[in-house]
Amino acid sequence: MLLPKFDYHEPATLEEALRLLSEMGGNARIIAGGTDLLVRMKLKVEKPSQLISLRKIPGFDAIIRRENHGVTIGPAVTAAELSKNELILDRFTPIALAAGRLGAPVVRNRATIGGNLVNGRPAADLPPACMVLDATLKLKSATTEREISVGEFFRGPGDTTIEPNELLVSIFVETPAPWSGGAYIKLGARKTLEISMVNVAVLLTLQGQQGLIVDAKIALGAVAPTPVRAFAAEDYLIGRQPSAEVFREAGAIGVGMCEPITDHRGSMEYRCLMIETLTSRALNQAYQNALAWKP
Ligand SMILES: Cc1cc2nc3c(=O)[nH]c(=O)nc-3n(C[C@H](O)[C@H](O)[C@H](O)COP(=O)(O)OP(=O)(O)OC[C@H]3O[C@@H](n4cnc5c(N)ncnc54)[C@H](O)[C@@H]3O)c2cc1C
């Protein structure tokens, strides 16, 4: 299958990229790793005549620590980089684990966090991980700038609140409180190169070692038209002493937030069972990681 013809632009600054995007209107698409866009172009689902690359924009591939405050991730940081970056692994664990489960090594070397978020696929790996960490997305056009919480970004399958003239320019994540631990579990039919049948990201915060749960965040993918937070399960966990029983109950409550479908990857009943099991398992893992928290 051949790619349709297009012009390729490599702006060297953000301003130039925004200007091109605004001048070219609906004919232009941003290209980051191209692992989604080029496939869609080959399938003739998308036919942009102009591609604007993010490759040369300074800082877009950087992970910048904000002293004791958080981290700013450039939209063109690859899944491979996120999965092995020590800061992300240590303090923003669900993002590193989710990035490490995206596709296969050859895909992870090109696929970017920006592309994964803007795609808005319900089964994508990074959205639930960003949701439990309450990531803030910065969106810019040639004339506007706004910030939006990742939880408000997704509208439906393949649909987000980004406008055609906007660029996702950064992802900011605040450092979780002390005694926090995270986890990410993805279920697919194969071990690699598989889109999730169900995925679960979790962040738990304890009062201290052996303490009560003071905060809990659970996000689920591939269970509804957009990734969802399991708010009722989170509320149930807050103020409780962590235990396998409590985590099992939270998993059962989490199923109530989902509208899973039956498709070639799995039946609705199987997905519900897996949401319960994987949520409880992810909570256990996050709890162990919280206990191992180091200043
Ligand atoms: C073989 C294969 C396996 C895969 N497996 C998985 C998987 O397991 N899990 C998973 O989640 N995904 C998977 N994917 C999908 C894809 O790899 C990811 O969604 C990837 O993160 C997309 O990033 P990209 O940089 O390649 O995006 P691109 O293809 O470059 O762009 C995707 C879309 O986002 C837009 N875009 C990109 N960056 C920006 C930006 N900064 N601002 C505005 N718009 C932007 C583009 O215009 C385009 O519409 C797979 C794809 C392939 C081909």
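Residues numbered from 1 in each chain as written. Predicted model: local features only at pLDDT ≥ 70, side-chain atom pairs only at ≥ 80, totals over all residues.

Chemist: Looking at this model, I keep getting lost on the overall build of the protein chain. Mind explaining?
Modeler: Check the secondary structure of the protein chain and you find 11 helices and 14 strands. Against the compact-globule benchmark of 19 Å for 295 residues, the protein chain has a radius of gyration of 19 Å, which places it among compact chains. Across the 295 residues that make up the protein chain, the buried fraction comes to 44%. (Helix = DSSP H or I, 4+ residues; strand = E, 2+ residues; numbered from the N terminus. Rg over C-alpha atoms; globule rule 2.2 N^0.38 Å. Buried ≥ 20, exposed ≤ 12 C-beta atoms within 10 Å, placed from the backbone.)

Chemist: Would you mind showing me how to read the pairing of strand β6 (residues 136-140) here?
Modeler: Along any regular strand, the residues point their side chains to alternate faces of the sheet. Of the two faces of β6, only the one carrying Leu137 and Leu139 is buried; Thr136, Lys138 and Lys140 on the other face are not. Between β6 and strand β7 (residues 145-149), which pair antiparallel in sequence order, lie 4 residues. Bridge analysis of β6 against strand β10 (residues 167-174) gives 5 bridges, and the strand direction is antiparallel. The residue of β10 that forms the bridge with Leu139 is Leu168. (Pairing = 2+ DSSP bridges.)

Chemist: How should I be thinking about the nonpolar core in this particular structure?
Modeler: It is characteristic of soluble globular proteins that their nonpolar side chains tend to be buried jointly. Counting 87 residues, the largest nonpolar core has Ile95, Cys130, Val202 and Leu204 as its most contacted members. Per-element tally for this core: the top contributor is helix α11 (residues 268-291), with 8 residues. Beyond its immediate sequence surroundings of up to four residues, Val202 is in contact with Pro94, Val132, Gly182, Ala183, Lys217, Ile218, Ala282, Leu283 and Ala286. (Core = buried A, V, L, I, M, F, W, Y, C linked by C-beta atoms within 7 Å. Contact = placed C-beta atoms within 7 Å.)

Chemist: Would you mind going over the site of the ligand with me for this structure?
Modeler: Residues in close proximity to the ligand total 29 residues, the closest being Ala32, Gly33, Gly103, Gly115 and Asn116. Elements with a minimum of two residues in the shell around the ligand: β2 (28-31), α2 (37-42), α7 (113-119) and β10. With 5 residues, α7 is the largest single contributor of residues to the shell around the ligand. Of the residues in the shell around the ligand, the class split is 16 nonpolar, 9 polar and 4 charged. (Near = placed C-beta within 6 Å. Nonpolar A, V, L, I, M, F, W, Y, C, P; charged D, E, K, R; others polar.)

Chemist: What am I meant to see in the environment of Ser243 here?
Modeler: With respect to the helices, strands and loops of the structure, Ser243 is situated in the loop between α9 (231-237) and α10 (244-254). A residue is classified by how many C-beta atoms lie within 10 Å of it, and Ser243, with 11 of them, is exposed. It is 9.6 Å that separates the C-alpha atoms of Ser243 and Leu283, two residues lying 40 residues apart in sequence.

Chemist: What's the story with helix α1 (residues 14-24) in this structure? I'm lost.
Modeler: Structurally, the α-helix is built with 3.6 residues per turn, so residues lying three or four positions apart point the same way. Those residues of α1 lying buried are Ala17, Leu18 and Leu21. Projection of α1 onto a plane perpendicular to its axis shows the buried side chains occupying an angular sector of 95 degrees, all on one side. Turned more than 90 degrees off the buried face of α1, the exposed positions are Glu15 and Glu23. Where α1 is buried, its residues meet β2, β3 (50-53), β6 and β10. (Arc of directions from axis to C-beta.)

Chemist: What is the right way to read the sheet that holds strand β4 (residues 63-66) from this model?
Modeler: Pairing between the strands of a sheet comes from backbone hydrogen bonds, and it takes one of two forms, parallel or antiparallel. If you trace the 5 strands from one edge of the open sheet to the other, you get β4-β5-β10-β6-β7, paired in antiparallel fashion. With one partner strand each, in any of the chains shown, β4 and β7 form the two edges of the open sheet. Strand-to-strand twist of the sheet, defined as the mean angle between neighbouring strand axes without regard to direction, takes the value 20 degrees. Taken together, the 5 bridges between β6 and β7 define a ladder with antiparallel strand orientation. Looking at the pairing, Lys138 lines up with Glu147 of β7. (Axes fitted to C-alpha atoms, helices over the stretch in contact; angles between N-to-C directions.)

Chemist: For this particular structure, what's the right way to read the environment of Leu43?
Modeler: Within the secondary structure layout, Leu43 lies in the loop between α2 and β3. Between the C-alpha atoms of Leu43 and Ser280, which are 237 residues apart in sequence, the distance is 39 Å.

Chemist: Mind showing me how you'd approach the environment of Glu249 here?
Modeler: Following the sequence through the fold, Glu249 ends up in helix α10. Glu249 sits in the partly exposed class, given 17 other C-beta atoms within 10 Å. Taking C-alpha positions, Glu249 is 47 Å from Ile57, a pair spaced 192 residues apart along the chain.

Chemist: What am I meant to see in the domain arrangement of the protein chain here?
Modeler: Often, the extent of an interface is quoted as the loss of accessible area upon association of its parts. Parsing the protein chain into structural domains produces domain 1 (7-52), domain 2 (63-173) and domain 3 (182-291). Taking only C-alpha atoms, the centre of domain 1 and the centre of domain 3 are 36 Å apart. (Domains from an automatic or database assignment.)

Chemist: Mind showing me how you'd approach α10 here?
Modeler: Taken as a whole, α10 has its buried residues at Phe247, Ala250, Gly251, Ile253 and Gly254. On an axial view of α10, the arc spanned by its buried residues comes to 160 degrees, and they lie on one face. Elements in contact with the buried residues of α10: β13 (213-221), α9 and α11.

Chemist: For this particular structure, what's the right way to read unusual backbone geometry?
Modeler: Peptide bonds are mostly trans, and most non-glycine residues show a negative phi. Located in the positive-phi region is Asp134, a residue other than glycine, with phi close to 50 degrees. When you line up the elements, Asp134 lands in the loop between α8 (126-132) and β6. In this structure, Trp179 is a non-glycine residue whose phi angle is positive, near 60 degrees. When you line up the elements, Trp179 lands in the loop between β10 and β11 (180-187). On the basis of neighbour count, Trp179 is assigned to the buried category, with 20 C-beta atoms found within 10 Å.

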